Protein chains: 2
Amino acid sequence: MSFTSAIHRKAVDIAKLAVEMTTAAGSGHPSTAMSLAHLVAVLMYHQMRWDPKDPWNQASDRLVLSEGHAVPIIYAAYADLGGMVIWNGKDKRPLSREDVMSLRAIDSPIDGHPNPRLGVPFFDAATGSLGQGLSVAAGLGAAAKIDGIDRNIYCLIGDGESREGQIWEAMDFVVDHALTNVVPIFNCNELAQSDWVSPQQSSNVLAEKAEAFGFFVEVIDGHDPHQIQSAFDRLHVVQNGNRPLCIIARTVKGWGAKVEQGTGKHGTAVKKDKLAAVLAELDQTAAELGVSNVGGGGELKIPLPEARVANPESRTPIRIAPFSDGLAAVGLHNDLAAGKPIAPRKAYGAALLALGAADERIIGLDCDVKNSTHAEWFAAKLPGQFLQCRIAEQNMVSVAAGLSAAGKIPFCSTFAKFFERAYDQIEMAIISSANIKLTGSHAGVTLAADGPSQMSLPDVAFFRSFCHTNNYDGQPAVRYFFPSDAVSCYRLTELMANLVGCCYQRTLRADVKVLYEPEESFDLGGFKVLREGKDICFVSAGYMVHECLKAADELAKSARHATVIDAYSLPLDTKGILEVAARSGGRIVTVEDNYSGGLDAEIGSAIAASGSDITLKPLYVRNIPKSGREPQDVLDYLHLGHKAILAAL
Amino acid sequence: MSFTSAIHRKAVDIAKLAVEMTTAAGSGHPSTAMSLAHLVAVLMYHQMRWDPKDPWNQASDRLVLSEGHAVPIIYAAYADLGGMVIWNGKDKRPLSREDVMSLRAIDSPIDGHPNPRLGVPFFDAATGSLGQGLSVAAGLGAAAKIDGIDRNIYCLIGDGESREGQIWEAMDFVVDHALTNVVPIFNCNELAQSDWVSPQQSSNVLAEKAEAFGFFVEVIDGHDPHQIQSAFDRLHVVQNGNRPLCIIARTVKGWGAKVEQGTGKHGTAVKKDKLAAVLAELDQTAAELGVSNVGGGGELKIPLPEARVANPESRTPIRIAPFSDGLAAVGLHNDLAAGKPIAPRKAYGAALLALGAADERIIGLDCDVKNSTHAEWFAAKLPGQFLQCRIAEQNMVSVAAGLSAAGKIPFCSTFAKFFERAYDQIEMAIISSANIKLTGSHAGVTLAADGPSQMSLPDVAFFRSFCHTNNYDGQPAVRYFFPSDAVSCYRLTELMANLVGCCYQRTLRADVKVLYEPEESFDLGGFKVLREGKDICFVSAGYMVHECLKAADELAKSARHATVIDAYSLPLDTKGILEVAARSGGRIVTVEDNYSGGLDAEIGSAIAASGSDITLKPLYVRNIPKSGREPQDVLDYLHLGHKAILAAL
């Protein structure tokens, strides 16, 4: 059987299985899957260097399915090839035909969209929210380049999906970093969900765009095995230069069965009573292509990867330089020695540099604000571990998810407000169990002068919602930190590196007093009682801890004594806090520089659940802020400064 | 004085004032402002048809400053021209030189970044989070096209900023809708915040990209008044065709004063002791240009708009067809008559159509999922009020902000999960006081089969955080709704249209029983007691109301009686709920299909603040879900179905 015939045969086989499994599921996207039949057949049976028995090999080529809803076509090929799955973290075995027929069932090893943590290690990241896959592929490609591993990362992108701006952020990133090991393949089947794609997403215009973005573009018939292979053969050429390859494949949605073509077929499985007819039409297509021999195509041979590289499973703790040494390395020793206030963002920069020096898996990522977040020190001293992502936060986060899948520990830094741009990408990374570390600087309202467009305000509520949800490892899906001084920021940054999973940290723009001894330790979920008094209990984090201390000083003048708690992490040990509060007058005032849903919700829910008679007075940002020249101006405007705290008692 | 000289003179004058005001503020971005001096001078003193005394005129040309940090150059021109401001909603007066010297002060009428609600009505939307302005401009342009108003919308975009994918979503949108009244102007000063821009954002590559996206591109020297004007003159040509104009302007960051040029000058005001030198250098530049006559340029004449169109301030209530008529209009009368379950998303589609028919200000926007959200009925019947945004949620939301600024009432629909892609854009629209309505379908976990990549789970916590913050009108920054049936969804959609500001509604994929009579009314913050019992109080919303009713039925079999509350909106009348709970055994169980931070936080905080002895048992999604074929499968997997509710008591 010729190569062309063998691919046609496999394309028909996997298309049939994709149709069957979605019919069994009662939902799914068979027509999109069918449009990818040949591209997937050439990739998985011939082009990619990989081993179905060892999808974990970090030296193998990878496939990122950005248009995640097309996943049945991958499952079909994977089952045909006996690709390994792990279900419930225990039984490692080849994916069977029976398995794929359980698609979308609650106890199936394969999920409705790609997810590395739900059975199939062939995937590196969860996809399904569109437009994110090329960034993940770029992260994998960047990691391979850093590690000197010869592997290619193929990424299948829908034409409709290519309307998402993040795709073009990723295209820029691939060119910026000359990632010729990353191959975007646009699947131009001309149909999106509810309509034909815009002319702006036609194969012609996509080709022009990709060329303008700096790619070497091949436009092909995505159902012609020879054209597909010829396009992949260009990889050798582009990899001798710096202009990456982009393939624009013209395909047919519902390829192989006319009844599955045209509009109205996007997210609909073939009904059980129509299944036989669709399968028969696919057989007819096979006959027309001269490949009616069932089981043909077996002579296709997957090239094995040349090496085996394991993704390190076990982790040794990363220990960084002592606080004073870390600060000295970035020129802050004089400030420290003089007892000057130090902005937590600077301590973050120092810790990040110390981490990178201690462990080469640490990768720093920035969106052109490294002189504000102080990731600049890392960038300057460890350029080989640093990736400049420019002003494109969505791409940065998904690149980090790709880096994580390749065993790196990516630290993303930008303004806390600008992470909001990537909340969807962050959630997709969380679903992927990606080991990403996010530090948002200029948190809260005390950046003051720039005004509300730069202030992170709903972020605490957003990230807290993940703190009370377990990820697939049974751990909080997010660990949240908000250090109040340089020491705690330094230590919590180190802690983040040693946790597995997504961590989010807020850092402050403003210089603030150092509150802790250099060797103080900070535990997960812990809190610090900075002062204990019998009359009232302030619970706060970050900048507002300092305002609470000032308020406590004021109170002391009238012989009232406040407890001040630095609640630097979520999920929080609320039981411990309620115990302290019970001996502090039974009244808690939470003080926050963000919108509702942070400490107020954490403590309020705990009080309500415990049946305790402690009461809560929550202070937080109750009005959209405006610019003020100094932090105190804005705090006073919002009735949140230490005077306002006292007035609220 | 020639045109060229007059523009040079104004450019120097406004650059000087921009430098002075940032020095007075002690922060800001003077060098970016200086790079825009000529573009702003030509636009505001010569090209734009507008009246500084009447910036409210909806027939005037508009300027959207996407790179919001450059705002001092606009303030300078606006003050020079005596543009009107409104501060604290009362004193309407021309912006003075004294005003601009108060830049960034807490009591200043001008904010650190553009904001229409903080003084300056020249702006249509708050900017400062980058990459959003062109979408806002496109919304303004689309509104003008719909209304048949001849106005042009100019948009200034930073080169570094153009890395944000949303810019390219907007470019596609402008071409798709042939918005030749929208003019993107890329300010290519080659420097971003922490570094030079990537070659991918060079003027050459940007020109190639814009051309590939379908624009007629003019590359000019952005400090040459004649070249700027010639580029604008192309507008007449492009407006006779369908290919919009894009201007790529090569500029100098820190134009006019060498000391302000090069890296390290981005977000830094000139120190007070260096101010005189910088101003002197600008004077020297004026002298070299032969325009040293202070006060020159006064002969520039701004063309007035041809008409005056007011943005309707007062609103008549929009009343839609009765529920049964509304459902009949979309073919659901038989389902209704037969007492069949009806998905709330379908009732939303019916209400949206009824709203659009009742008021032409209603604009429907979709991201290619209209057959899922059921915005498809609106799209089919009211094509002149419908804008297809394709798969680009960020652009959709910012377009809606632009439409709102032009007096429209935009309704955006997509999956609730996919709005997460646009949370930053939503917050910027909220800061702008935009009147946008967001309905996210397939909310929660009961969409089941597609899995977690399509499930909205942190959304309730995110939007709730805004519910307890007041916007500049003193109203909750967001009103949140989660209807449990078709009637409440229909009514709440109508309510959303009649509220001013941002509303977010979750709708369900699943068909659910109709719970309410067709004429039932639903109030802001209200709730419905569906059943009252003495033993326990279930508080829920959406799908989970039905599970609570089932649980209550089960309980009744063992003679225990539950209260069931449908808490369909936030902020919630928690006082009322605690009163009901007090007579329902003093124990509340909140039941939600989302992550923590929704009803659990709302009720928990209220209990804790009230000192009440009511206790709370919160049930919510505590694990990242997976696919299941039916809602009940997923609910059982997450221990959230009616059986799990009973087990938790």
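Everything here concerns the structure above.
Residues numbered from 1 in each chain as written. Chains lettered and ligands numbered in written order. Predicted model: local features only at pLDDT ≥ 70, side-chain atom pairs only at ≥ 80, totals over all residues. Heavy atoms only, no water.

(A) Structural detail: the interface of chain B and chain A. Contact residues are listed per partner, giving 120 residues for chain B and 120 residues for chain A. Across the chain B to chain A interface the summed buried area is about 9,100 Å²; carbon plus sulfur atoms make up 48%. When residues of chain B are sorted by the area they lose upon contact with chain A, B:R163, B:R421 and B:R629 head the list and together hold 10% of the total. At the boundary of chain B with chain A, the tally comes to 18 salt bridges. Salt-bridge contacts for A:K417 lead to B:E427; the nearest nitrogen and oxygen are separated by 3.9 Å. Taken together, the links from chain B to chain A amount to 78 residue pairs in polar contact (both at pLDDT 80 or more). Each residue belonging to the side of chain B that touches chain A can be placed in one class, and the counts come to 50 nonpolar, 41 polar and 29 charged. (Contact = heavy atoms within 4.5 Å. Buried area = accessible area lost by both parts, 1.4 Å probe. Salt bridge = Lys/Arg side-chain N within 4 Å of Asp/Glu carboxyl O. Polar contact = N/O pair within 3.5 Å; in protein donor to acceptor, adjacent residues only side chain to side chain. Nonpolar A, V, L, I, M, F, W, Y, C, P; charged D, E, K, R; others polar.)

(B) Structural view of the pattern of salt bridges. A full pass over the atoms with the stated rule returns 76 salt bridges over all chains. Here A:D54 and A:R308 are joined by a salt bridge, their closest N and O atoms 2.5 Å apart. Here A:D54 is found in the loop between α3 (37–47) and β1 (62–65), whereas its partner A:R308 is found in the loop between α10 (275–288) and α11 (323–328), with 254 residues between them in sequence. Among the ionic contacts, a cluster of salt bridges with common partners joins A:E164, A:D424, A:E427, B:K417, B:E420 and B:R421. (Helix = DSSP H or I, 4+ residues; strand = E, 2+ residues; numbered from the N terminus.)

(C) The arrangement of the packing of aromatic side chains in detail. Residue and element names in this part refer to chain A. A complete count under the given rule lists 46 aromatic pairs over all chains for this structure. Geometrically, the ring pair formed by W50 and F122 is tilted, given 4.9 Å between the ring centres and 55° between the ring planes. Here F122 lies in the loop between α5 (97–100) and α6 (133–147) and W50 lies in the loop between α3 and β1, a separation of 72 residues in the sequence. Each of the two residues, W50 as well as F122, counts as buried. (Phe/Tyr/Trp six-rings, centres within 6.5 Å; stacked < 30°, edge-to-face > 60°. Buried < 20%, exposed > 50% of the residue type's maximum accessible area, 1.4 Å probe, protein only.)

(D) Unusual backbone geometry, seen in detail. Put simply, A:L570 and A:P571 share a cis peptide bond, and its omega is -5°. As for its placement among the helices and strands, A:P571 is situated in the loop between β17 (569–570) and α22 (574–582). One non-glycine residue, A:R104, lies in the positive phi region at around 70°. With respect to the element layout, A:R104 can be found in the loop between α5 and α6. Take A:R104: its relative accessible area is 1%, and that puts it in the buried class. The backbone of B:H442 sits at a positive phi, close to 55°, despite the residue not being glycine. Take B:H442: it is sitting in the loop between β11 (437–441) and α19 (459–467).

(E) Structural view of empty space enclosed by the protein. Residues and elements named next belong to chain B. Tallied over the entire structure, the rule returns 10 cavities of 30 Å³ or more. In this model, the largest cavity occupies a volume close to 70 Å³. In terms of lining, the largest cavity is formed by V460, Y480, F482, A541, A567, L570, V591, E592, D593, N594 and L599. Within the lining of the largest cavity, the residues separate by chemical class into eight nonpolar, one polar and two charged. (1 Å grid on protein atoms, 1.4 Å probe; cavity = no way out; pocket = protein on both sides within 12 Å on 5 of 7 lines; lining within 4 Å. Points joined across faces, edges and corners; volume = space filled by probe spheres on them.)

(F) Representation of the sheet that holds strand β10 (residues 409–415) of chain B. All names here are of chain B. Taken in spatial order, the seven strands make up an open sheet running β9-β8-β10-β11-β13-β12-β17, and their pairing is mixed. Strands at the two margins of the open sheet, each flanked by one partner only, are β9 (386–388) and β17 (569–570). By the bridge criterion, five bridges tie β10 to β11 in an arrangement that is parallel. Along β11, the bridge assignment pairs F415 with S441. On the sheet, helix α13 (residues 344–358) packs against β8 (362–366), β10, β11 and β13 (502–506) and is oriented at approximately 160° with respect to β10. (Pairing = 2+ DSSP bridges. Axes fitted to C-alpha atoms, helices over the stretch in contact; angles between N-to-C directions.)

(G) Molecular detail of the packing of helix α3 (residues 37–47) of chain B against helix α9 (residues 225–238) of chain B. Residues and elements named next belong to chain B. At their nearest, the axes of α3 and α9 sit 10 Å apart, and the two run at 55° to each other. Judged on the interaxial angle alone, α9 and α3 are oblique. Judged by the sense of rotation from one axis to the other, the crossing of α3 with α9 is right-handed. Of α9, the residues touching α3 (which contributes H38, L39, V42, L43, H46 and Q47) are P225, I228, Q229, F232 and L235. Across the contact of α3 with α9, the residue classes tally to seven nonpolar, four polar and no charged. (Parallel < 35°, antiparallel > 145°, perpendicular 65-115°, else oblique. Left-handed = near helix turned anticlockwise from the far one by under 90°.)

(H) Structural view of the side chain of B:T590. By secondary structure assignment, the location of B:T590 is in strand β18 (residues 587–591). The contacts of B:T590, once residues within four sequence positions are left out, are B:V539, B:L599, B:D600, B:I603, B:L616, B:K617, B:P618 and B:L619.

(I) Examining the relation of the copies chain B and chain A more closely. The transformation that overlays chain B on chain A combines an axial shift of 0.0 Å with a rotation of 180°, and the residual RMSD is 0.0 Å. The two molecules are tied by a two-fold rotation axis, judged by turn and shift. When each C-alpha of chain B is compared by its distance to the rotation axis, B:G165 comes out closest, at 1.8 Å. Most of the interface of chain B is mirrored in chain A, where 100% of its interface residues again form contacts. (Least-squares fit on C-alpha atoms with pLDDT ≥ 70 in both.)

(J) Quick look at the nonpolar core. Core analysis: the biggest nonpolar cluster contains 248 residues, and A:F538 and A:I588 have the highest contact counts within it. Not counting residues up to four positions away in its chain, the partners in contact with A:I588 are A:C537, A:V539, A:I577, A:L578, A:A581, A:I603, A:I607, A:I614, A:T615, A:L616 and A:K617. Core analysis: the next-biggest nonpolar cluster, separate from the first, contains 68 residues, B:I7, B:M44, B:F123 and B:V238 among them. (Core = buried A, V, L, I, M, F, W, Y, C linked by side-chain atoms within 4.5 Å.)

(K) Up close: the pairing of strand β16 (residues 562–566) of chain A. Residue and element names in this part refer to chain A. The element β16 is largely enclosed, with a buried count of five among its five residues. Neither face of β16 is open: one carries A562, V564 and D566, the other T563 and I565, and all of them are buried. By the bridge criterion, three bridges tie strand β14 (residues 528–531) to β16 in an arrangement that is antiparallel. Within β16, the position partnered with R531 by the bridge is V564. For strand β15 (residues 536–540) and β16, the ladder comprises five bridges, and the chain directions are parallel. Following the sheet pairing, S540 is matched in β16 by D566. Chirality of the crossover, the property in question, places the unit of β15, helix α21 (residues 543–557) and β16 among those that are right-handed. (Right-handed = clockwise from strand over helix to strand, strands pointing away.)

(L) View of the side chain of A:T574. All names here are of chain A. For T574, the position within the fold is in helix α22. On the basis of relative accessible area, T574 is assigned to the buried category, the value being 16%. When near neighbours in sequence (up to four residues on either side) are disregarded, T574 contacts E602 and A606.

(M) Focus on the sheet that holds β14(A). All names here are of chain A. Here we have five strands laid out as an open sheet, ordered β14-β16-β15-β18-β19, and mixed in their pairing. One side of each edge strand has no neighbouring strand; the edge strands of this open sheet are β14 and β19 (615–619). Taken over all neighbouring pairs, the strand axes of this sheet differ in orientation by 25° on average, direction set aside. Lying on the sheet, α21 is in contact with β14, β15, β16 and β18 (587–591); it crosses β15 at an angle near 160°. Lying on the sheet, α22 is in contact with β14, β15, β16 and β18; it crosses β18 at an angle near 125°.

(N) Quick look at the state of the cysteines. Residue and element names in this part refer to chain B. Going through the model one piece at a time under the given rule, you end up with zero disulfides over all chains. Looking at the unpaired C155, the closest cysteine sulfur is the one in C246, lying at 10 Å. Classification of C155 by relative accessible area gives buried; the value is 0%. You can see C548 has no disulfide; the closest cysteine sulfur is in C537, sitting 9.5 Å from it. Judged by relative accessible area, C548 falls into the buried class, the value being 0%. (Disulfide = S-S within 2.5 Å.)

(O) Just helix α1 (residues 3–25) of chain B, in detail. Residues and elements named next belong to chain B. With 23 residues, α1 should cover 33 Å at 1.5 Å per step; its first-to-last C-alpha distance of 33 Å lies within 8% of that length. Across the 23 residues that make up α1, a large majority, 19, are buried. Trailing α1 by a residue or two, G26 shows a phi angle of about 80°, which is positive. (Expected span 1.5 Å × (residues − 1).)

(P) Main features of the environment of A:H177. Residue and element names in this part refer to chain A. Secondary-structure assignment places H177 in the loop between α7 (165–176) and β5 (182–188). Along the sequence, H177 and K145 sit 32 residues apart, while their C-alpha atoms lie 9.6 Å from each other. Among residues more than four places away in sequence, those in contact with H177 are K145, L387 and Q388.

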